[in-house]
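Single-letter residue listing:
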Amino acid sequence: MSDPATPDKPTIGEVRANNRFDPERLRHWLEPRLEGLAGSLEISQFTRGASNPTFLITAGDRRLVLRKKPPGELLASAHQVDREFRVMKALGETGFPVPTMRVLCEDESVIGQAFYVMDFLEGRIFRDARMPGVTAAERAALYDDLNTTLARLHQIDWRAAGLADYGRPGNYFERQIGRWTRQYRGAETEHVEDMERLIENLPRRVPADDTITIVHGDYRPENVMFHLTEPRVIAVLDWELSTLGHPLADLAYNCILYHSTSESWGTLVDVDLTAAGIPTELQYIDAYCGKTARAGVDDFDFYLAFSLFRLASIGQGVFKRNLDGIGNADAASDNLGVKVLARTARDILER
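Residues numbered from 1 in each chain as written. Predicted model: local features only at pLDDT ≥ 70, side-chain atom pairs only at ≥ 80, totals over all residues. Heavy atoms only, no water.

Asks: I'm lost on the overall build of the protein chain in this one. Help?
Replies: Check the secondary structure of the protein chain and you find 10 helices and 12 strands. Expected size for 351 residues packed as a compact globule is a radius of gyration near 20 Å; at 20 Å, the protein chain falls within 12% of this value. Principal-axis analysis of the C-alpha atoms places the extent of the protein chain at approximately 60 × 45 × 40 Å. A sequence separation of at least 24 residues applies to 71% of the contacts in the protein chain between residues at least 6 apart. Of the accessible surface of the protein chain, which amounts to about 14,900 Å², a share of 48% is contributed by carbon and sulfur atoms. (Helix = DSSP H or I, 4+ residues; strand = E, 2+ residues; numbered from the N terminus. Rg over C-alpha atoms; globule rule 2.2 N^0.38 Å. Contact = heavy atoms within 4.5 Å. Areas by Shrake-Rupley, 256 points an atom, 1.4 Å probe, with all protein chains shown as cover.)

Asks: It is not clear to me how the layout of surface pockets should be interpreted in this structure. Could you clarify?
Replies: One water molecule sets the probe size; rolling that probe over the atoms shows where empty space is left. Of the voids in this model, the second largest pocket is the one considered here, and its volume is about 320 Å³. Around the second largest pocket, the lining is made up of 17 residues, and of these Arg 83, Arg 175, Gln 176, Arg 179 and Thr 243 lie nearest the centre. In terms of residues, the lining of the second largest pocket owes the most to one element, helix H4 (residues 172-187), which gives six residues. Of the residues that constitute the lining of the second largest pocket, the class distribution is four nonpolar, six polar and seven charged. (1 Å grid on protein atoms, 1.4 Å probe; cavity = no way out; pocket = protein on both sides within 12 Å on 5 of 7 lines; lining within 4 Å. Points joined across faces, edges and corners; volume = space filled by probe spheres on them. Nonpolar A, V, L, I, M, F, W, Y, C, P; charged D, E, K, R; others polar.)

Asks: Explain the pairing of strand S11 (residues 233-236) here, please?
Replies: In summary, the side chains of a regular strand alternate between the two faces of the sheet. Across three bridges, strand S10 (residues 224-226) lies against S11 in antiparallel orientation. Each bridged residue has a counterpart across the sheet, and for Met 225 the counterpart in S11 is Ala 235. Between S10 and S11, which pair antiparallel and follow one another directly, the connecting turn spans six residues. (Pairing = 2+ DSSP bridges.)

Asks: Is there a simple way to think about the nonpolar core in this case?
Replies: It is characteristic of soluble globular proteins that their nonpolar side chains tend to be buried jointly. With 85 residues, the main nonpolar core has Leu 91, Tyr 143, Leu 202 and Trp 239 as its most contacted residues. Core analysis: the second largest hydrophobic core is formed by 19 residues, Phe 21, Leu 34, Ala 59 and Cys 105 among them. (Core = buried A, V, L, I, M, F, W, Y, C linked by side-chain atoms within 4.5 Å. Buried < 20%, exposed > 50% of the residue type's maximum accessible area, 1.4 Å probe, protein only.)

Asks: Just to check I follow, could you spell out the sheet that holds strand S3 (residues 12-13) for this structure?
Replies: What holds strands together in a sheet is hydrogen bonding between their backbones, with the strands either parallel or antiparallel. Pairing in this open sheet of six strands is antiparallel, and the strands run S3-S4-S5-S6-S8-S7 from one edge to the other. Each end of this open sheet is capped by a strand with a single partner; those strands are S3 and strand S7 (101-105). Across four bridges, the pairing between strand S4 (residues 42-46) and strand S5 (residues 54-59) is antiparallel. Within S5, the residue paired with Gln 45 across the bridge is Phe 55.

Asks: I keep staring at the packing of aromatic side chains and nothing clicks. Help me out?
Replies: For any pair of aromatic rings, the description consists of the separation of the ring centres together with the inter-plane angle of the planes. Taken as a whole and assessed by the stated rule, the structure comprises 14 aromatic pairs. When the ring of Phe 96 is compared with that of Trp 239, the centres are 6.1 Å apart and the planes differ by 80 degrees; the resulting orientation is edge-to-face. A residue pair is termed long-range when its members are at least 10 positions apart, and Phe 96 in the loop between helix H2 (81-92) and S7 and Trp 239 in the loop between S11 and strand S12 (243-245) qualify at 143 residues. Accessibility expressed as a relative area gives 3% for Phe 96, which makes it buried. A relative accessible area of 0% means that Trp 239 is categorised as buried. Ring centres of Phe 126 and Phe 226 lie 5.9 Å apart, and the angle between their planes is 65 degrees; on these two criteria the pair is classed as edge-to-face. (Phe/Tyr/Trp six-rings, centres within 6.5 Å; stacked < 30°, edge-to-face > 60°.)

Asks: What am I meant to see in helix H8 (residues 281-292) here?
Replies: The periodicity of an α-helix, 3.6 residues per turn, causes residues three or four places apart in sequence to face the same way. Spanning 12 residues, H8 covers 17 Å between terminal C-alpha atoms, matching the ideal 16 Å at 1.5 Å per step. Of the surrounding secondary structure, the elements contacted by the buried residues of H8 are helix H3 (136-154), helix H6 (247-254) and helix H9 (300-323). Positive phi shows up at Ala 293, right after H8, with a value of about 60 degrees. (Expected span 1.5 Å × (residues − 1).)

Asks: Looking at this structure, how should I read the packing of helix H5 (residues 193-201) against H9?
Replies: A pair of packed helices can be characterised by two numbers: the angle between their axes and the separation between those axes. In contact at an axis separation of 11 Å, H5 and H9 are set at 130 degrees when each is read in the N-to-C sense. When the axis of H5 is compared with that of H9, the two are oblique. The two elements H5 and H9 meet at a crossing, and its hand is left-handed. Contact residues: H5 offers Met 195, Leu 198 and Ile 199, while H9 offers Phe 309, Ala 312 and Ser 313. For the contact of H5 with H9, the class distribution of residues is five nonpolar, one polar and no charged. (Axes fitted to C-alpha atoms, helices over the stretch in contact; angles between N-to-C directions. Parallel < 35°, antiparallel > 145°, perpendicular 65-115°, else oblique. Left-handed = near helix turned anticlockwise from the far one by under 90°.)

Asks: What's the story with the environment of Leu 91 in this structure? I'm lost.
Replies: Position of Leu 91 among the secondary structure elements: in helix H2. Residues Leu 91 and Val 134, 43 residues apart in the sequence, show an inter-C-alpha distance of 30 Å.

Asks: Explain unusual backbone geometry here, please?
Replies: Most peptide bonds adopt trans geometry, and most residues besides glycine take a negative phi value. Phi at Asn 171 is positive, roughly 55 degrees, even though this residue is not glycine. For Asp 238, which is not glycine, the phi dihedral falls at a positive 60 degrees. Relative to the helices and strands, Asp 238 resides in the loop between S11 and S12.

By themselves these figures say nothing about function.
Spelled out as structure tokens, the structure:
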């Protein structure tokens, strides 16, 4: 994770009280499993994003990243760090840009929750999709490689990569709408009419196209790391929502940036895209289609609305965890973010 103004500098702070664990217990577990690891561990926490708490481990001159489940009672099928570890390990073996996976621990007695450890990478992460601090030409190249990397993911042979059982192939949107409806209900704190309309109407618009690929599930600039000086993706991060699914769900989720006004993501709404070197939404879609030999996209509004609905459901879970004191941030005073996403999704679906 990086600060928007200095994307090569991670945002790191003290470990939050609800995520503290015993470094010595961790050290004793890691030492026989990681060659060359010795001495005391210094642990700090990445402070931005990540529904699965993420930590920097420093041992002498060696740096590693630990990612674990959050504390407390969790929603069904959420925060499966074992799946993240598995998919990144498999993709790394194909040459796809991911961090090097080191160890997975499912024994909750070690630090309180399941976790995995991977190598720390030096690079740039643009939390702000407007990518401040770079030239328009570089910004264009960054967005092009963001697009290229997504297209590359969707062309990986998931069977050959050992991921044939990573999800249930087929009927992706029906299953996802059902899943995120259940997740939303499990974290619901008030009636949101726009969410109710989406839950009712999305199933009626599911497309006939049932293409199956590996999908990341949360693909956007904040979840990829670029080279420190080159406009090149060196790692795709945060695979918590990955599965076997429909590639256009990933593409549409990436395109939320053109519709969301959330400053936490760095909205592209009202940005002079030409001057900024950022492709328009249509140009981004066309570039992806060209790289994947897809003739085009019918009813892109469905894919967008679905992606916004899913993000609203995720946001509801985050809001509830923070409200219950087990989240990665202090509780918000209201649930406005979820309501805005739901309204935007409904407007797109019904336009």
